[in-house]
Amino acid sequence: MNKGIFIAFEGIDGSGKSTQVKLLTNKLKENGYKVYSTFEPTDSPIGSIIRNVFNHRIIADNRTIAGLFVADRLDHLLNETNGILKKIEEGYIVITDRYYFSSYAYHGVHMPMDWVINSNSMSSDLLKPTINIYVDICPDESMSRITKDRSLIELYENKEYLKEVREKYFEAFEKLKEQENISIIDGNRKPEIILDEIWSQVKSLLG
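Residues numbered from 1 in each chain as written. Predicted model: local features only at pLDDT ≥ 70, side-chain atom pairs only at ≥ 80, totals over all residues. Heavy atoms only, no water.

An unreviewed UniProt entry lists the protein under the name Thymidylate kinase, with Flavobacterium collinsii given as the organism. Within the UniProt record for the protein, the comment given under Function (unreviewed entry) is "Phosphorylation of dTMP to form dTDP in both de novo and salvage pathways of dTTP synthesis." (UniProt positions renumbered as here; feature names shortened; annotations may be inferred.)

In structure tokens:
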């Protein structure tokens, strides 16, 4: 199977990664590329359960949440209508807002990270990102951005937790640095400056 270009954006909540997904998608389209942008949790039935947990409509144990993400991610890859693998086969550059490093970091706070990595091994065997782009900001800045823009604070959005999540991201990056292509980007700058740095890296992947 031709795996094509697959770009995964990562970061703690409020990092600006979703903005960069949109900006990079537009930049690639302007340069004539077919682009499919997507996100996790997805808008599938499994993803909607996760969102209901995040929005406090459903109460679930952290182990259950981690398992739901495993299932949602596999459907994200394998769905016959709009799965990532199908889109790559059709010649799209696929950009996702979160992939398995999000699980390693967010769920690694609650349970052994090796368990989370192993539970997602089927997804990583199916498709590793061509590049994982981590947009890095501090938890203080994260909470400032989150509370400024929204009235509803989701399940994992508090400063102490996000501090732990950021530490877990870097633990996962160190653990998997030989197997994954990881780029850490300073997210404390203007969006267009961040995009310039990301674009130069993506251009080198495109050849």
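Q: Please clarify how the sheet that holds strand β3 (residues 93-97) should be interpreted in this entry.
A: Neighbouring strands of a sheet are bound in pairs by backbone hydrogen bonds; such pairs are parallel or else antiparallel. Read across the sheet, five strands follow the order β2-β3-β1-β4-β5 without closing on themselves; strand pairing throughout is parallel. Where the open sheet ends on each side, the last strands, each with one partner, are β2 (35-39) and β5 (182-186). Geometrically, the sheet is characterised by an average inter-axis angle of 20 degrees between neighbouring strands, direction not taken into account. Examined bridge by bridge, strand β1 (residues 6-10) and strand β4 (residues 131-136) share four bridges and lie parallel to one another. In the strand pairing of β4, F9 is matched with I133. (Pairing = 2+ DSSP bridges. Helix = DSSP H or I, 4+ residues; strand = E, 2+ residues; numbered from the N terminus. Axes fitted to C-alpha atoms, helices over the stretch in contact; angles between N-to-C directions.)

Q: Could you clarify how one ought to interpret the packing of helix α3 (residues 62-78) against helix α5 (residues 100-108) in this entry?
A: The relative placement of two packed helices is expressed as an angle between their axes plus a distance between the axes. Axis separation between α3 and α5 bottoms out at 11 Å; the angle between their running directions is 180 degrees. In terms of axis orientation, α3 runs roughly antiparallel to α5. Listed contacts from α5 to I65, A66, F69 and R73 of α3 are Y100, S103 and H107. By residue class, the composition of the contact of α3 with α5 is four nonpolar, two polar and one charged. (Parallel < 35°, antiparallel > 145°, perpendicular 65-115°, else oblique. Contact = heavy atoms within 4.5 Å. Nonpolar A, V, L, I, M, F, W, Y, C, P; charged D, E, K, R; others polar.)

Q: I keep staring at the nonpolar core and nothing clicks. Help me out?
A: Grouped burial of nonpolar side chains is what soluble globular proteins tend to show. Counting residues in each nonpolar core, the largest one holds 33 residues, and the members touching the most others are I12, F101, Y104, Y106, L127, V165 and Y169. Those elements giving two or more residues to this core turn out to be β1, α3, α4 (84-89), α5, α6 (113-119), α8 (139-149) and α9 (159-175). With six residues, α9 is the largest single contributor of residues to this core. Once you skip the residues sitting within four places of it in the chain, F101 turns out to touch E10, N132, Y169, A172, F173, L176, E180 and I182. (Core = buried A, V, L, I, M, F, W, Y, C linked by side-chain atoms within 4.5 Å. Buried < 20%, exposed > 50% of the residue type's maximum accessible area, 1.4 Å probe, protein only.)

Q: Which parts of the structure should I look at to understand α9?
A: For the α-helix, the turn length of 3.6 residues means that residues three or four positions removed from each other point alike. Compared with an ideal rise of 1.5 Å per residue, which puts 17 residues at 24 Å, α9 spans 24 Å between its outermost C-alpha atoms and is within 8% of the ideal. All of the buried residues along α9 are Y161, L162, V165, Y169, A172 and F173. Projected onto a plane normal to the axis of α9, the buried residues spread over an arc of 120 degrees and lie on a single side. (Expected span 1.5 Å × (residues − 1). Arc of directions from axis to C-beta.)

Q: Explanation requested: the UniProt feature "binding site: ATP" (unreviewed entry) in the protein in the structure shown.
A: According to UniProt, the positions carrying the feature "binding site: ATP" (unreviewed entry) are G11, I12, D13, G14, S15, G16, K17 and S18. Inspection of the secondary structure puts S15 in the loop between β1 and α1 (17-30). Not counting chain neighbours up to four residues away, the residues in contact with S15 comprise V135, I137, R145 and G187. A polar side-chain atom of S15 sits 3.1 Å from the main-chain carbonyl oxygen of I12. As for its placement among the helices and strands, G16 is situated in the loop between β1 and α1. (Polar contact = N/O pair within 3.5 Å; in protein donor to acceptor, adjacent residues only side chain to side chain.)

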